[in-house]
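Reading the structure
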Amino acid sequence: MATNLRLRDDQKEALKLRAQEEGVSMHAVLLKAVDDYLARTAHETLVRKAAKEQTAKWAELLERLK
């Protein structure tokens, strides 16, 4: 899939510098950023789901502890 990404000038320059420092293409840096974001948000979703489930499971006890 092809897509267009419009960056501000400062973002483009920072991306270019980061890619040069890592010895990879700007494209590779962007792909890694997307992968990192997707992994992080997937983990956050799992944690939120588990927290809701545990809160429901222990609701009575939590209420008594107030």
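For the structure, check the block above.
Anyway, here's the lowdown on the structure attached to this text. As the structure is a computational prediction, the values presented were derived from the model and not from experiment.

1. What about the pattern of salt bridges?
Per the stated rule, a full pass over the model turns up 7 salt bridges. Of the charged contacts in the structure, one is a salt bridge between E53 and K49, with a shortest N-O distance of 3.8 Å. With E53 and K49 both in helix α2 (residues 26-57) and 4 residues apart, this pair spans about one turn of that helix. Take K49: its relative accessible area is 51%, and that puts it in the exposed class.

2. Looking at helix α1 (residues 9-22)
The end-to-end C-alpha separation of α1 is 20 Å, in line with the 20 Å expected for 14 residues at 1.5 Å each. Backbone geometry just after α1 places G23 at a positive phi near 70°.

3. A look at the packing of α1 against α2
It is at 8 Å that the axes of α1 and α2 come closest, and there the two elements cross at 100°. On the basis of the axis angle, α1 is roughly perpendicular to α2. Mapping the contact onto sequence places K12, L15, K16, R18, A19 and E22 in α1 and M26, V29 and L30 in α2. Taken together, the residues that form the contact of α1 with α2 break down as 5 nonpolar, no polar and 4 charged.

Each value, and the rule that gives it
- Residues numbered from 1 in each chain as written.
- Predicted model: local features only at pLDDT ≥ 70, side-chain atom pairs only at ≥ 80, totals over all residues.
- Heavy atoms only, no water.
- Salt bridge = Lys/Arg side-chain N within 4 Å of Asp/Glu carboxyl O.
- Helix = DSSP H or I, 4+ residues; strand = E, 2+ residues; numbered from the N terminus.
- Buried < 20%, exposed > 50% of the residue type's maximum accessible area, 1.4 Å probe, protein only.
- Expected span 1.5 Å × (residues − 1).
- Axes fitted to C-alpha atoms, helices over the stretch in contact; angles between N-to-C directions.
- Parallel < 35°, antiparallel > 145°, perpendicular 65-115°, else oblique.
- Contact = heavy atoms within 4.5 Å.
- Nonpolar A, V, L, I, M, F, W, Y, C, P; charged D, E, K, R; others polar.

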